[in-house]
Amino acid sequence: MRIVIVGQGGREHAFAQNLSREHEVIVTPGNPGMEVDVAVSDQDPAALAPDLVVIGPEAPLVDGLADRLNHRGITVLGPSAAGAQLEGSKAFLKQLCAEAGIPTASFGVATSIEAGLELFDRFGPPYVIKTDGLAAGKGVLVTQDRTEAEEDLAAKLSGLSFGAAGTRVVIEEGMVGPELSVFALCNGGDFLLLPPARDYKRLLDGDRGPNTGGMGSISPVPDVTAGVVDLVASSMIAPTLARLRELGIEYRGILYAGVMLTPSGPKLVEYNVRFGDPEAEVVLPRITSGLGEALLAAARGETIPSVEVSNQSAITIILAAPGYPDSPERGLEITGIEEARASEGVSVFTAGVAKRSGESAVSMRSPYEDLATDGGRVIAVTGMGDTPIDARRRAYRGVELIHFDGLQYRRDIGF
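Residues numbered from 1 in each chain as written. Predicted model: local features only at pLDDT ≥ 70, side-chain atom pairs only at ≥ 80, totals over all residues. Heavy atoms only, no water.

Peer 1: Any chance you could explain the packing of helix H5 (residues 90–100) against helix H8 (residues 226–246) here in plain terms?
Peer 2: At a minimum axis distance of 10 Å, the contact between H5 and H8 shows a crossing angle of 100°. The angle between the axes of H5 and H8 places the two elements in the roughly perpendicular class. Across the interface between the two elements, Phe92, Leu96, Glu99 and Ala100 from H5 touch Pro239, Thr240, Arg243 and Leu244 from H8. Looking at the contact of H5 with H8 residue by residue, the class counts come to five nonpolar, one polar and two charged. (Axes fitted to C-alpha atoms, helices over the stretch in contact; angles between N-to-C directions. Helix = DSSP H or I, 4+ residues; strand = E, 2+ residues; numbered from the N terminus. Parallel < 35°, antiparallel > 145°, perpendicular 65-115°, else oblique. Contact = heavy atoms within 4.5 Å. Nonpolar A, V, L, I, M, F, W, Y, C, P; charged D, E, K, R; others polar.)

Here's what the structure looks like:
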């Protein structure tokens with residue numbers, strides 16, 4: 001089967017590495033670090049004669065790429081623009097939760113400072129302010145500081161923080177508890193659960209610093225039982241798909257439930273309409289066979305076959321550029337990727353990378369010798385082992401082999 005993957009980040013690299021074991025894979029537009037594993041093209045996915053297109057990032061889904069490809073008779077894994085509203089609009093999501101009886105935090109929607117301040121008064125600290133639209137995983141502030149909350153509210157509503165995406169915000173009641181990422185592969189009516197994970201959003205050790213797109217992840221999650229995951233599926237994912245069908249939306253794609261395990265039970269924090277990043281880099285290496293067939297069946301609306309999942313533990317560490325998440329520095333030479341890939345139990349996925357300035361696009365050397373930083377989250381390093389301790393040791397060994405000036409990473413992932 002020829003599978004075309006749309007995207008250029010670590011998530012798409014993880015898909016490509018997995019699927020290329022059993023299928024022909026092309027990534028568009030991809031990044032130069034992927035070229036050692038699969039073909040990379042700058043062509044429109046429809047021009048590549050795909051049997052299946054897998055859309056990785058959220059922005060093209062919200063923009064309706066799946067609709068346009070489906071209209072041309074191409075089989076696509078990814079929801080329509082209508083279904084992608086689950087991630088594209090926090091207000092749409094919260095309204096659907098209310099209609100479907102899905103457990104989540106109490107909320108209100110504000111388009112003015114006055115309305116936002118009233119919601120702060122109603123819910124009290126911790127203050128939770130979310131941009132309504134897409135913000136690359138960085139549109140959420142959780143703070144105990146009322147002044148900081150008011151400044152964030154003003155910056156978002158004015159468009160200063162996230163442009164039009166932030167001029168309407170959702171303000172929620174604060175929730176407390178560990179987080180869990182649950183993934184469902186959906187065929188429009190039914191779904192197959194994939195291995196869960198836990199994401200580490202804060203930039204610094206000890207869950208300090210600003211929110212990011214994710215600084216690391218683990219799978220499986222040691223403190224989460226199969227019963228908890230099943231409860232998330234029955235109380236959140238199933239009623240969401242049912243409510244979407246009532247609205248005339250047949251959801252075919254990955255549905256990612258970000259869940260908080262509160263003292264009163266699991267509650268939905270958010271939905272993403274695609275695989276998480278870096279969760280993809282920790283979950284997909286654990287799927288050892290059958291992923292392509294499962295994705296194709298879901299895209300066709302057919303019964304989804306099971307996939308084979310390794311019992312090994314996996315831990316992913318994100319290597320970020322200096323200045324991330326606000327102003328990541330670009331053009332810094334990267335070394336050591338090839339050595340890290342050769343380390344036992346280690347996989348490396350490139351994301352924010354580009355060819356070094358002045359280097360030819362075609363080199364006789366390894367593609368990894370000519371790479372430089374070109375984004376915030378630059379590389380994901382995943383270690384796998386029979387125990388979480390083995391996985392962590394291998395992941396950090398891989399991390400230590402890679403270098404670029406000012407490299408940032410957390411040293412407590414999985415502890």
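Back to the text.
Peer 1: Help me understand H8 in this model?
Peer 2: Along an α-helix, residues three or four apart share an orientation, since each turn contains 3.6 residues. A rise of 1.5 Å per residue sets the reference length of H8, with its 21 residues, at 30 Å; its end C-alpha atoms lie 29 Å apart and thus fit the reference within 8%. By the largest-angle criterion, Ala233 marks the main kink of H8, which is about 35°. Every buried residue of H8 is accounted for by Val229, Val232, Ala233, Ser235, Met236, Ile237, Pro239, Thr240, Leu241, Arg243 and Leu244. The inward-facing, buried residues of H8 contact helix H4 (85–88), H5, strand E10 (179–188), strand E11 (191–199), strand E15 (251–262) and strand E16 (265–272). In the segment just after H8, Gly248 is the residue with positive phi, at about 80°. (Expected span 1.5 Å × (residues − 1). Bend = angle between axes of the 7 residues up to and from the residue. Buried < 20%, exposed > 50% of the residue type's maximum accessible area, 1.4 Å probe, protein only.)

Peer 1: How should I be thinking about the packing of helix H1 (residues 10–19) against helix H10 (residues 291–300) in this particular structure?
Peer 2: Between two packed helices, both the angle of their axes relative to each other and the distance between the axes serve to describe the pair. Where H1 meets H10, the axes come as close as 9 Å, and the angle between the chain directions of the two elements is 115°. Here H1 lies roughly perpendicular to H10, going by the angle between them. Within the contact between the two elements, H1 uses Phe15, Asn18 and Leu19 and H10 uses Leu291, Gly292 and Leu295. A per-class count over the contact of H1 with H10 returns four nonpolar, two polar and no charged.

Peer 1: Mind showing me how you'd approach the sheet that holds E10 here?
Peer 2: Sheet strands pair via backbone hydrogen bonds, and the direction of the pair is either parallel or antiparallel. The sheet built from eight strands is open, its strands ordered E16-E15-E10-E11-E14-E19-E23-E20 with antiparallel pairing. Taken across any chain shown, the strands that pair with only one partner, and hence form the sheet edges, are E16 and strand E20 (346–350). Taking each pair of neighbouring strands and ignoring which way they run, the sheet shows an average axis angle of 25°. Pairing between E10 and E15: 10 bridges, direction antiparallel. Considered in E15, the bridge of Val182 is made with Ala257. Of the strands in this sheet, strand E19 (313–320), E20 and strand E23 (377–385) are in contact with helix H12 (residues 388–401), which crosses E23 at around 145°. (Pairing = 2+ DSSP bridges.)

Peer 1: Can you help me understand the state of the cysteines in this one?
Peer 2: Summed over all chains, the structure comprises zero disulfides. We note that Cys97 lacks a disulfide partner, and the nearest cysteine sulfur, in Cys186, lies 14 Å from it. When its relative accessible area of 1% is taken as the criterion, Cys97 is described as buried. Given a relative accessible area of 0%, Cys186 falls into the buried group. (Disulfide = S-S within 2.5 Å.)

Peer 1: So what exactly am I meant to see when it comes to the packing of aromatic side chains here?
Peer 2: Centre-to-centre distance and the angle between the planes together describe a pair of aromatic rings. As enumerated under the stated definition, the model contains five aromatic pairs in all. With centroids separated by 5.8 Å and ring planes inclined at 75°, the aromatic side chains of Phe15 and Phe275 adopt a geometry described as edge-to-face. Here Phe15, found in helix H1, pairs with Phe275, found in the loop between E16 and helix H9 (279–283); they are 260 residues apart in sequence, far enough to count as distant. For the pair Phe15 and Phe275, one class covers both residues: buried. Consider the rings of Tyr396 and Tyr409, whose centres lie 6.3 Å apart with planes at 45°: the pair is tilted. (Phe/Tyr/Trp six-rings, centres within 6.5 Å; stacked < 30°, edge-to-face > 60°.)

Peer 1: Sorry if this is basic, but what is going on with unusual backbone geometry here?
Peer 2: Peptide bonds are trans in most cases, and residues, glycine excluded, mostly fall at negative phi. In this structure, the amide linkage connecting Thr28 to the following residue, Pro29, adopts the cis form with an omega of -5°. Relative to the helices and strands, Pro29 is located in strand E2 (residues 24–29). Looking along the chain, the bond that leaves Tyr324 and enters Pro325 is cis, with omega of 10°. Within the fold, Pro325 resides in the loop between E19 and helix H11 (337–342). Within the chain, Ala49 stands out as a residue other than glycine whose phi angle is a positive 50°. Turning to its location among the elements, Ala49 is positioned in the loop between strand E3 (39–40) and strand E4 (52–55).

Peer 1: Any chance you could explain the nonpolar core here in plain terms?
Peer 2: Side chains of nonpolar character tend, in soluble globular proteins, to be buried together. Counting 43 residues, the largest nonpolar core has Ile5, Phe15, Leu77, Leu185, Leu194, Phe275 and Leu295 as the members making the most contacts within it. Ranked by the residues each element gives to this core, the list is headed by H10, at six residues. Ignoring anything within four residues of it in the chain, the contact list for Ile5 reads Glu12, Phe15, Ala16, Leu19, Val25, Ile26, Val27, Thr28 and Val54. If you look at the next biggest cluster of nonpolar residues, it comprises 41 residues, including Val4, Ala66, Ala84 and Leu261. (Core = buried A, V, L, I, M, F, W, Y, C linked by side-chain atoms within 4.5 Å.)

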